[in-house]
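One-letter residues, chain by chain:
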Amino acid sequence: MLRGGVLKIPPTHPVYPWSCTVVDCARPRWRRYAMRSVHAEQWQEAEARGISRAQFLRTAEPLPATEMPEAMMCRICPQRPAFSLQLMLCFWHRHRWLSHLKRHPGGGEAEFERWLADQPSLPGYGECRADVCDELAASPLGLCGGHERGYVRAGRPGRAKPPKNFFATYECRDRPVPVTCEDQAAFCAWCRAQLPVHRTGTVTLRGPRPLLRAEFQWGMHVHGLQPVAVWHLTWVQSLADDCQRRDVASLASLDASVFRRAYHQRVVQEMQQALWKIYFTPPAPGAPATSRPLHEHRHRSRTSHRGGPGRTPPQDRSRP
């Protein structure tokens, strides 16, 4: 569970839970009451009326999911992410279905199934070009939905863009979609600098340096062995993001006070305690103690995966 660059946590994990505690509720919890915010407000009202928490959790109305722990694929195009969670269709097929409904109003589930049978499966756009992202691209631009929205908010560095109305002009005619880019270097720099898209129930550690990633995994493992305090996954993910921004090499010698939030400081301090037990070598009989951490020996020649000496740079995924 805590291996690799993307950690997927079960919803009812004893130390890293993220699901709402209302029975059968499919939405993630709000930190303060371990419930969805809607249920938290209802619980405060119920508590004032003398209703017990256990009774409220059993009788509160569960809510359907509005977001998924991982990207869902189009039911027609398995290499394209679903744009509509309700229909489970990519952007292109959702557009076609809505156009079909305009021509044939009142179509129900049977009509939808007939329409599905006639639809062609389209090839995907490959992986998202943001270095930290493991999701599939949602458009010819080559970015997943979350990073594409971030790219637009950032003012489109490099001015990379597909043609307007490329669905009708190119894809409907089975033609490849050209993507223009005024400044390739600016676009690639933006892709390298991105943080992962946050997903419920997931901690993405693809951005931090390899040693730091291993330290997070070990710290979470040790904390999970002693279920005395819950760590919210949003705490861990935002801490990893902050470390990526600061280009932190290791937690071992880091001053926890550099982080502004108190819960980040607590998490770092507990992780450091777990790391110090394995980093510092015990003295041999009759030999003076050493305070040099083991990782200084094992990782001295290694630097960031962003391209320093002793480390092979990642495969160039810069497009367009």
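What you see is a predicted model; the values in this text were computed from it and never measured. (Residues numbered from 1 in each chain as written. Predicted model: local features only at pLDDT ≥ 70, side-chain atom pairs only at ≥ 80, totals over all residues. Heavy atoms only, no water.)

### Details of the overall build of the protein
The line we're drawing: Secondary structure counts use DSSP, requiring at least four H or I residues in a row for a helix and at least two E residues in a row for a strand, with both numbered from the N terminus. Two residues form a contact once any of their heavy atoms are found within 4.5 Å. Reported accessibility uses the Shrake-Rupley method at a 1.4 Å probe radius. Residues are deemed covered only where the shown protein chains occlude them.
Within the protein, the secondary structure is distributed over 11 helices and 2 strands. The order of helices and strands in the protein, counted from the N terminus, is β-α-α-α-α-α-α-α-β-α-α-α-α. A fraction of 54% describes how many contacts in the protein between residues 6 or more apart in sequence connect residues 24 or more apart. Accessible surface, the protein: about 18200 Å² in total, of which carbon and sulfur atoms supply 52%.

### As for helix 10 (residues 262-279)
How we decide: Here the expected length of a helix is defined as 1.5 Å per residue gap, with one fewer gap than residues. A simple rule labels every residue: compare its accessible area, found with a 1.4 Å probe on the protein chains alone, to the largest value its type can have, and call it buried under 20%, exposed over 50%, or partly exposed in between.
Across its 18 residues, helix 10 extends 25 Å between first and last C-alpha, which sits within 8% of the 26 Å expected from 1.5 Å per residue. Turning to helix 10, its buried residues are Tyr-263, His-264, Val-267, Val-268, Met-271, Gln-272, Ala-274, Leu-275 and Tyr-279.

### Looking at the packing of aromatic side chains
Threshold: When two rings of Phe, Tyr or Trp (its six-membered ring) have centres within 6.5 Å they constitute a pair, described as stacked for plane angles under 30 degrees, edge-to-face for angles over 60, and tilted for the intermediate range.
A full pass over the atoms with the stated rule returns 10 aromatic pairs. Residues Phe-112 and Trp-115 carry aromatic rings whose centres are separated by 6.0 Å and whose planes lie at 15° to one another, so their mutual orientation is stacked. Linking Phe-112 with Trp-115, this pair stays in helix 4 (residues 109-117), spanning 3 residues, or about one helical turn. Of the residues examined, Phe-112 reaches a relative accessible area of 9% and is grouped as buried. Taking the relative accessible area as the measure of exposure, Trp-115 reaches 6% and is therefore buried. Ring geometry for Trp-235 versus Tyr-263: centroids 4.8 Å apart, planes at 10°, classification stacked. Of this pair, Trp-235 sits in helix 9 (residues 233-246) while Tyr-263 sits in helix 10, placing them 28 residues apart in sequence. Per residue, the accessibility class of Trp-235 equals that of Tyr-263, and both read buried.

### Brief notes about the state of the cysteines
Just so we agree on the cut-off: To count as a disulfide, a pair of cysteine sulfur atoms needs to be within 2.5 Å.
Counted according to the given criterion, the structure contains 0 disulfides. Sulfur of Cys-77: no disulfide; nearest cysteine sulfur belongs to Cys-90 and is 4.2 Å away. Look at Cys-77 and you get buried, because its relative accessible area is 0%.

### Thoughts on the confidence of the model for the protein
Should the pLDDT be low somewhere, the predicted coordinates at that spot are not to be read in detail. Put simply, the rule is: Per residue, pLDDT measures the predictor's confidence, with a range of 0 to 100.
On average, residues of the protein carry a pLDDT of 82, and 84% of them reach 70 or more. At the low end of the mean pLDDT range in the protein sits helix 11 (residues 294-298), at 43; at the high end sits helix 7 (residues 184-193), at 96. Confidence drops under a pLDDT of 50 for residues 290-320, and excluding neighbours within four residues, the segment shows 59 contacts in the predicted structure.

### Quick notes on helix 3 (residues 91-103)
Going by this rule: This arc corresponds to the set of directions leading from the helix axis out to the C-beta atoms.
With 13 residues, helix 3 extends 19 Å from end C-alpha to end C-alpha; this agrees with the ideal 18 Å at 1.5 Å per step. Turning to helix 3, its buried residues are Trp-92, His-93, Trp-97 and His-100. In an axial view of helix 3, the angular spread of the buried residues amounts to 130°, which keeps them on one side of the axis. If you follow the buried residues of helix 3, they end up packed against helix 4 and helix 6 (166-169).

### Description of unusual backbone geometry
At Arg-159, a residue that is not glycine, the phi angle is positive and equals roughly 55°. For Arg-159, the position within the fold is in the loop between helix 5 (145-153) and helix 6.

### Examining the pattern of salt bridges
Note the cut-off: For this document, the term salt bridge refers to a Lys or Arg side-chain nitrogen within 4 Å of an Asp or Glu carboxyl oxygen.
Applying the stated criterion across every chain, the model contains 6 salt bridges. One salt bridge in this structure joins Arg-199 and Glu-135, with 2.5 Å as the shortest N-O distance. Of the two residues, Arg-199 sits in the loop between helix 7 and strand 2 (202-204) while Glu-135 sits in the loop between helix 4 and helix 5, which places them 64 residues apart along the sequence. Arg-209 is the partner of Asp-247 in a salt bridge, and the nearest nitrogen-oxygen pair spans 3.1 Å. Of this pair, Asp-247 sits in the loop between helix 9 and helix 10 while Arg-209 sits in the loop between strand 2 and helix 8 (210-224); the two residues are 38 residues apart in sequence, bridging distant segments of the chain.

### Some points on the environment of Gln-269
Relative to the helices and strands, Gln-269 is located in helix 10. Of the residues examined, Gln-269 reaches a relative accessible area of 40% and is grouped as partly exposed. For the pair Gln-269 and Leu-254, spaced 15 residues apart in sequence, the C-alpha to C-alpha distance is 9.3 Å.

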